[in-house]
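One-letter residues, chain by chain:
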Amino acid sequence: MRIQHNISALNTHRNLAFNNAQASKNLEKLASGYKINRAGDDAAGLAISEKMRGQIRGLDMATKNSQDAISLIQTAEGALNETHAILQRMRELSVQSASDTNVNLDREAIQQEITQLTEELDRVSETTEFNTQKLLDGSFSGTFQIGANEGQELKMNIDKMGAAALGLVNTTTLGKDVENTATVAGLADGTYKVNSAGDKLIDAKGNEVGDVAAGVVTGKNGAEYKFTNATSLKDGTLTIKDGKATAQTELNSVSSKLAAGKYEIVGDQVIKDDKVVGKVTTTAGTYEIKVGNETVTFDKDDLNLADDLAAGSKFEINGVSVSTREQASGTITKIDDALKQVSEQRSALGAVQNRLEHTINNLGAASENLTAAESRIRDTDMAKEMMEFTKNNILMQAAQSMLAQANQQPQGVLQLLG
């Protein structure tokens, strides 16, 4: 027998320390709910779990992104719903004006409402926003991150939905309230048409009632109206009211892109509705206006003006006209085209929204299943861990008891000394 080293006690102490450490780990896992609390618990499992966590959080944020994108689309689509309603009312008014049961005074009242509705189309286009981003002015080109990884995205553009973009801007006012310069009586109040050659004035019944040369209109009775800022009035409309004449001519493909409204040149800037919309370019008499993502460059010829637009110059762009039966009839077709264009844009938005809803469902399923897989790696199986703790707790108590017994064994030496 040896008393310098109690091997039994050492062995029992070692097992007691091991059981105590294991029980402590069991308690830690039961308390935290995690099977892996540090890399030492499972180095490979920790790396896999963290990678999965990155994917899960990415999928959850992609779901939020998709939901926000749907909100953006619904904002734009809601505005286009009103655009559709405005266009339907404009079409209704055009059909009304296309009938000769209406007199010029009736058509003037109809034109006033058409003008206001045209301006509202532009207002809706220019002011509809989501999170300070304009949606319908042609500038929105968005990319939505709809996945957890790089490149998992969806792109979407929204076209400009203003009156000009919808083809509902077609004339410019060349002169307003021009008075008869001759001593004879002026032409009767009403709406007149200048022929395609630009040399004859035709009344509402198709009768030739005057001659046109450049910007001068001369009635058969000698009445004379001088539009000094006009190069030509061909295909234009002359409206006479209270003895004063206002001329409008059709815009070409360049100037028809400009929004309806009153413009003014102030210094080197183009102003509309008290807002800077363009600037004077380096070429004299040429101007630039930003229309969505497009820059429209125009000059005096595009507006049928005789003189360059200098500082202080003003010009007016008009929407569709129903001042005559022929114009009202043509406006019906233009509005039909506009309705089709808005419908196509709404359909495109609806298709993207439906796609995003499917994306959200897919992301949710992927996140759920990945979370389950990550849980199997990282989370504690409480029942199993409790079973392990119970075992280790019993072993720890047994080791404590055996250590007490082992500590008693060296005392047997005392009997030899008796």
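The rules behind the values
Residues numbered from 1 in each chain as written. Predicted model: local features only at pLDDT ≥ 70, side-chain atom pairs only at ≥ 80, totals over all residues. Heavy atoms only, no water. Helix = DSSP H or I, 4+ residues; strand = E, 2+ residues; numbered from the N terminus. Rg over C-alpha atoms; globule rule 2.2 N^0.38 Å. Buried < 20%, exposed > 50% of the residue type's maximum accessible area, 1.4 Å probe, protein only. Contact = heavy atoms within 4.5 Å. Areas by Shrake-Rupley, 256 points an atom, 1.4 Å probe, with all protein chains shown as cover. Lys, Arg positive; Asp, Glu negative; His and termini not counted. Charge placed at Lys NZ, Arg CZ, Asp CG, Glu CD. Salt bridge = Lys/Arg side-chain N within 4 Å of Asp/Glu carboxyl O. Core = buried A, V, L, I, M, F, W, Y, C linked by side-chain atoms within 4.5 Å. Phe/Tyr/Trp six-rings, centres within 6.5 Å; stacked < 30°, edge-to-face > 60°. Polar contact = N/O pair within 3.5 Å; in protein donor to acceptor, adjacent residues only side chain to side chain. Pairing = 2+ DSSP bridges. Axes fitted to C-alpha atoms, helices over the stretch in contact; angles between N-to-C directions. Parallel < 35°, antiparallel > 145°, perpendicular 65-115°, else oblique. Left-handed = near helix turned anticlockwise from the far one by under 90°. Nonpolar A, V, L, I, M, F, W, Y, C, P; charged D, E, K, R; others polar. UniProt positions renumbered as here; feature names shortened; annotations may be inferred.

### Quick look at the overall build of the protein
Right, so step 1: Of the regular secondary structure elements, the protein holds six helices and 18 strands.
Right, so step 2: Taking 22 Å as the expected radius of gyration for a compact globule of 418 residues, we find that the protein reaches 42 Å, considerably beyond that expectation.
Right, so step 3: Projected onto the principal axes, the alpha-carbon positions of the protein cover approximately 160 × 45 × 30 Å.
Right, so step 4: When each of the 418 residues of the protein is scored for burial, the buried share is 41%.
Right, so step 5: Counting only contacts in the protein whose residues sit at least 6 apart along the sequence, the fraction spanning at least 24 positions is 67%.
Right, so step 6: Total accessible area on the protein is roughly 22400 Å²; 50% of this is exposed by carbon and sulfur atoms.
Right, so step 7: Treating the 43 positive side-chain charges of the protein as one cloud and the 56 negative ones as another, the clouds have centres 9 Å apart.

### Section: the pattern of salt bridges
Right, so step 1: As enumerated under the stated definition, the model contains 20 salt bridges in all.
Right, so step 2: A salt bridge links E120 to R123; the shortest N-O distance between them is 2.8 Å. Residue E120 and its partner R123 are both found in helix α3 (residues 104–127); the two are separated by three residues, about one turn of the helix.
Right, so step 3: Salt bridges sharing common partners tie together E50, R53, E374 and R378.

### A short note on the nonpolar core
Right, so step 1: Judged by nonpolar contacts, the single largest core of 76 residues is most densely connected at L87, M90, M156, L168 and F227.
Right, so step 2: Per element, the largest residue contribution to this core is 11 residues, and it comes from helix α2 (residues 43–97).
Right, so step 3: In this structure, L168 is in contact with L87, M90, T118, L121, A163, G319, V320, K334, I335 and A338, ignoring residues within four places of it in sequence.
Right, so step 4: Membership of the second largest hydrophobic core comes to six residues, among which are L16, A399, L403 and A406.

### Focus: the packing of aromatic side chains
Right, so step 1: Tallied over the full model, the rule gives one aromatic pair.
Right, so step 2: Geometrically, the ring pair formed by Y263 and F315 is stacked, given 4.9 Å between the ring centres and 0 degrees between the ring planes. Taken together, the residues span a long stretch of sequence, with Y263 in strand β13 (residues 261–266) and F315 in strand β18 (residues 314–319) at a distance of 52 residues.

### Concerning the environment of N170
Right, so step 1: Inspection of the secondary structure assignment puts N170 in strand β5 (residues 169–179).
Right, so step 2: Residue class for N170 comes out buried when judged on its relative accessible area of 15%.
Right, so step 3: In this structure, N170 is in contact with T249, E250, L251, N318, G319, V320, S321 and K334, ignoring residues within four places of it in sequence.

### Regarding the side chain of T246
Right, so step 1: One can find T246 in strand β12 (residues 244–250).
Right, so step 2: A distance of 3.4 Å separates the side chain of T246 from the backbone nitrogen of D177, its partner in a polar contact.

### Notes on the pairing of β18
Right, so step 1: Of all the six residues making up β18, five are buried; the element is thus mostly covered by neighbouring parts of the structure.
Right, so step 2: Where β5 and β18 come together, four bridges link them in antiparallel fashion. The partner of T172 across the bridge, within β18, is I317.
Right, so step 3: Pairing geometry for β13 and β18, over four bridges, is antiparallel. From the neighbouring strand, Y263 faces β18, where its bridge partner is F315.

### Some points on the packing of helix α1 (residues 7–32) against helix α5 (residues 382–408)
Right, so step 1: Relative to each other, α1 and α5 sit at 155 degrees, their axes nearing to 8 Å. Comparing their axes, α5 and α1 come out roughly antiparallel. When the axes of α1 and α5 are compared, the crossing they make is left-handed.

### Observations regarding the environment of A21
Right, so step 1: Inspection of the secondary structure puts A21 in helix α1.
Right, so step 2: Between the alpha carbons of A21 and G364 there is a distance of 41 Å; along the sequence they are 343 residues apart.

### Structural notes on the packing of α2 against helix α4 (residues 325–378)
Right, so step 1: Here α2 crosses α4 at 165 degrees, and the two axes come no closer than 7 Å. The angle between α2 and α4 falls in the class roughly antiparallel. For the element pair α2 and α4, the recorded crossing hand is left-handed.
Right, so step 2: Classifying every residue of the contact of α2 with α4 gives 29 nonpolar, 21 polar and 11 charged.

### A look at the pairing of strand β3 (residues 141–145)
Right, so step 1: Judged by which residues are buried, β3 turns out to be one-sided: G142 and F144 face inward and are buried, whereas S141, T143 and Q145, on the alternate face, are not.
Right, so step 2: Sheet topology note: the β3/strand β4 (residues 153–157) ladder contains five bridges and is antiparallel. Paired with F144 across the strands is L154, a residue of β4.

### Some remarks on the side chain of D302
Right, so step 1: Relative to the assigned elements, D302 resides in the loop between β17 (294–298) and β18.
Right, so step 2: A residue is classified by how much of its surface remains accessible, and D302, at 14% relative accessible area, is buried.
Right, so step 3: Among all residues touching D302, those that are not within four sequence positions of it are L251, N252, V254, S255 and T297.

### Quick notes on the UniProt feature "domain: Flagellin C-terminal" (unreviewed entry) in the protein
Right, so step 1: Those residues carrying the UniProt feature "domain: Flagellin C-terminal" (unreviewed entry) are residues 332–417 in this numbering.
Right, so step 2: Counting secondary structure, residues 332–417 comes out at 91% helix and 0% strand; the distance between its end C-alpha atoms is 127 Å.

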